[in-house]
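Notes for the structure review
Here is how the chains run, residue by residue.
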Amino acid sequence: MQNQSQKMYIHLNMPEDFPPIKAAPTEQGGVRDRFFAAKAELPKEINIIEPFQVESFSTSRKNTVFVAPTGSDSGKGTMQEPLATIQEALNRVRRKTGAVIYLRGGDYEIAEPIVLDDSFSGTEDAPFILSSYGKETPVLSCSKKIPVSTFSKLKDETMLARLRPQVRDKIYVADLKALGITEYGSVGKNQPMLLINNAPQTLARYPNENEPLIPMSDKIYESGGVEFETSLLYTRDIAKKGTPWEIGITDPRCLDWQWNDDIWIFGALYAEWAREYHRIAHLDRDKMSMTSEKPSNWGVQYDRGNNYYFLNIFEEIDVPGEWWLDKKTGLLYIYPPKQWEETDDIRFASVSFDMLTLQNTHHTIVNGLTAGRVYGSCIVIEGGEQNLIQNCHIVGTKKAGVNIKGGTNNGCIFSTFEQFASYAVRIDGGDRANLIPAHNFVQNCTLKNPISRFGLSMDGCGNLLSHNYIKDTTIGIGGCNECVCEYNEIDGGDLYTHDSGMIYVAGGGLSACGNHFRYNYIHDFNCCGYGIYFDDLSRGHYAYGNIVVGRGKDIDYVGERCYNVHNGGEHCFFNNIAVDAGYFAFGGDISYYYDGKACAAIWPLLADSMVSAAEDKRTERYLGRNPTYREFLVHLDKYFAEKDLPGYTRSQDEERLRSPYCNNYENNVIIRCKEAFHLSETGRKTATSLETNFITEEDPGFYDMEHGDFRIKKDSEIFRHIPNFEVTAFERIGICKE
C-alpha cells in the first residue's frame, strides 16, 4: 500500500506507455500472443492508494479555517468562532497554499453549486484539504428540509375516498408550497427524490416493489417509431420515427384510478434490457389500451419477457414509504415508513445541480464528508491531477455520486455509496486514439442499496477499478483501452435485467479493446444472466484469473453463462474458474450473425459504426499495439469496397466481421457446468486452446467451495490437469486495507 503520510503523491504502478506488440497472424495464434505480451506488462496487483492523513498537515498550518452549522460568516473562522458556510471559507483561503477547511459535525444545506478552480490547489507537501473535523460527521445536502411538524393526518374526505380502506388512517400530508418549495421536477429518469433519514422513499406505484410486474399485452395497436436518430438501429419501421405507441392493457386495476396527465409506466416494451419511462397521454377504456406521450427509443414489440409497472398514482399509496405529490397544490401525501419521530430528517430534492466540482485543481483532497440528497452529482472532478476523494459516504444522488471527467491520477478511495439512481462512480480520462493513459481510479469503495443497473462505469485509456465491493449492481464498461478491472467482489448484480453481466462490456465500436478483467469474484446472481459479458461486436479483451459462481448447471436463466461473447472476437479467456453455470462460455447467436429480418436492417448500421469508430484508430501507434485490429480493418475496408457492387453476396470478409472469431479459451477450470462451450459454428471452428481446459463435476480441491472459500489447496486436482495453473490470490479480492 502506498504511504502518503508525508507527501501527497499518487502513483499507480500501471504502464505509462503501450509499445507495439509482436504477434502472429490472428488465425495462427495472434490473439494468444497479444494477450501474453499485454499481461506481462502489468504487475500481479496494482498498488493500493492509502488514505491521506490530513491531520499530519493541519496542526502547523496558518491557513486553516473552521466551518460549523452554528457559525457565522462574520466570524474569524477559528474553532472558537467558525464560519457558517463553505463558500465563505473558500473566499478566505483562495490562492493560499495548503489551506485546510474543516467542517464540524451537523447539517449543511447547499443552496448553489460549490466550484473549486485551480486557485484551490495545493502541492505535494501542502495539499488543499476540505475535510470533516476529527470523528465528527458533516452532512452536506442539496435538498429542502421538511420538518416533521409539517405533516398531519389526511382528513380530506374526497382524497380519502380514492384510497384503499385499509390505509386511509395511515396517510399524512404536508404543504410544500407553504415551505417555499415550488420546484417539483418531472417523473421519469430524473424524477425528484423524497428522503427520510437518508433513505429514498418510493413514488407510489403498481405493482409494489417485490411484486410481479405487469406482463406486456400482445395487442400492439401502434408500435411507434423511435425518438432519436441514434436508435434507428433497432426500429422495425424507420418511417414511423417520432410516432407514439399504443398497446393493450392487461391489468384492469388501472381503470379504477382517477387519471391525470402525469401517470407513467417504467418497463420493457421492446426487449427486457431496454427499460424506459413513458408518460401515458391517453387511456382508452372501451378499447382497453393506453397511448404514450412520446415514442420509444427502441420501438415496441411483443416479447414474453417484457413487463412494466405504473408509477405516480395517488390511489396506489398502499405500503409504508410510498408517496405522491400534487404538483398543482404542492401537497405531499405519504404513508410513513415508520412512526414519526421529532428527530426524523425528511428531505425533498428536485433542483438539479452538481454539489461540489473540482475544475482543473491539483493536489486537492476531499475527506470524510457525508454528502448527497442531491438531484445532480455529488462530487465532480473535471481535469486536473492528483485529486483524491477519500473516506466519504455518498447517499441519495440522482446522477453519478462521484464523476471523474478526465485529468490524470484522480481517484476515489475507501468511500461508501448508497441509494444512487444513476452511477455511484463514473471515471473517464486518457487519450484512446494515441494510447495515453490517465491513471484515474476507484479503489476500496463499497456500493450498496442501488436504484441503478450500473454502479461503476469506466471509459477512457489506462484507468483502474480495483478492490471494490459491489452489492446488487454491476460494473459497466464503455469505450476503454488498456484499462484494468481487478480484485473486485461483485455480489448479486443487476436486480431487473437478465440480458446483463455482472461486468458488462458494451460493444459496437470495436476499437475499444485491450482491457484487463482479472482476479474478480462474481457470485450470488440476482437477475443477471452472465458473469462477464462482452456484448455486441466487442473484441480483443482479456479475462483471466476470475472466479464466477453461477446458480446451478440446470438453471437456464439467472447466472446461466459465466462468460458471454455476443458475436465478438479475439478475446482471451485464461486461467478462470467457473462453478455451477449452464455454460462456461457462450459465443455467437442470431442477433447479428444470421440473415433474420431484424439483422437485415441492423447489420448495415453496425458496419457503419465500425468505420466511424475506427477513423481515429488507424495511427501506426494504435495499430502497432493492436496487430489483430490491423488485420480486422483489412476485412472491414474490403467489405465496404465491395458491398454495394451489383450482385454482391455475403463474402468471407463480411463473415469475418460478423462472427465470434478466434477467441482463445485456455487453462480454465470448469466445475459442474451443463455445457462448457456453447459456441456457434464459426466460433467453435476458429476457437483455440479448447483442449487445455479442466472440466469436472467434483470439487477439485478448494479450501471450502460450498461456503465460498476458493483458495486452492496445494494438492488440488487442478495442478494435475493444468500444471502451470496460476493461482488467484482469493484472499486479496474485495475491500483490502493491507
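To be clear, the structure that these remarks concern was listed above.
The sections below set out a description of the structure shown in this document.

Description of unusual backbone geometry
The amide bond that connects Y206 to the next residue, P207, takes the cis arrangement and shows omega of -5°. Mapping P207 onto the fold places it in the loop between strand 13 (205-206) and strand 14 (214-215). Positive phi, normally seen in glycine, also occurs at M288, with a value near 55°. Position of M288 among the secondary structure elements: in the loop between strand 18 (275-284) and strand 19 (289-292). Phi angles above zero are rare outside glycine, and N360 is one such case at about 55°.

A short note on the sheet that holds strand 21 (residues 322-326)
An order of 8-9-22-21-12 is seen for the 5 strands of this open sheet, with the pairing classed as mixed. One side of each edge strand has no neighbouring strand; the edge strands of this open sheet are strand 8 (152-153) and strand 12 (202-203). The pairing of strand 9 (residues 172-175) with strand 22 (residues 331-334) spans 4 bridges and is classified as antiparallel. If you follow D175 over to strand 22, its bridge partner there is L331.

Some points on the nonpolar core
F417 and I503 are the most contacted members of the largest nonpolar core, which totals 81 residues. Considering every element that reaches this core, the biggest residue donor is strand 52 (residues 669-679), with 5 residues. Once residues within four sequence positions are removed from consideration, F417 is found in contact with I394, G401, V402, C412, A424, V425, C445, T446, L447 and K448. Counting 50 residues, the second largest nonpolar core, distinct from the first, contains I10, Y519, C662 and I712.

Considering the sheet that holds strand 11 (residues 199-200)
Pairing is antiparallel in the open sheet, where 4 strands are placed in the order 7-23-10-11. Each edge of the open sheet carries a strand with a single partner, namely strand 7 (144-145) and strand 11. As paired strands, strand 10 (residues 193-196) and strand 11 are joined by 2 bridges and run antiparallel to one another. Bridge pairing links I196 to A199 in strand 11.

Focus on the pattern of salt bridges
Counting across every chain of the model gives 40 salt bridges. Notably, a salt bridge pairs E315 with R162, separated by 2.9 Å at the nearest N-O pair. Taken together, the residues span a long stretch of sequence, with E315 in the loop between strand 20 (307-311) and strand 21 and R162 in helix 4 (residues 157-162) at a distance of 153 residues. A salt bridge links D344 to K338, with the shortest nitrogen-to-oxygen separation between them at 2.8 Å. On the basis of relative accessibility, which here comes to 7%, the residue D344 falls in the buried class. Judged by relative accessible area, which is 34%, K338 ranks as partly exposed. Among the charged side chains, a salt-bridge network with shared partners connects D107, E109, K145, D345, R347 and R373.

Cut-off values and rules
- Residues numbered from 1 in each chain as written.
- Predicted model: local features only at pLDDT ≥ 70, side-chain atom pairs only at ≥ 80, totals over all residues.
- Heavy atoms only, no water.
- Helix = DSSP H or I, 4+ residues; strand = E, 2+ residues; numbered from the N terminus.
- Pairing = 2+ DSSP bridges.
- Core = buried A, V, L, I, M, F, W, Y, C linked by side-chain atoms within 4.5 Å.
- Buried < 20%, exposed > 50% of the residue type's maximum accessible area, 1.4 Å probe, protein only.
- Contact = heavy atoms within 4.5 Å.
- Salt bridge = Lys/Arg side-chain N within 4 Å of Asp/Glu carboxyl O.

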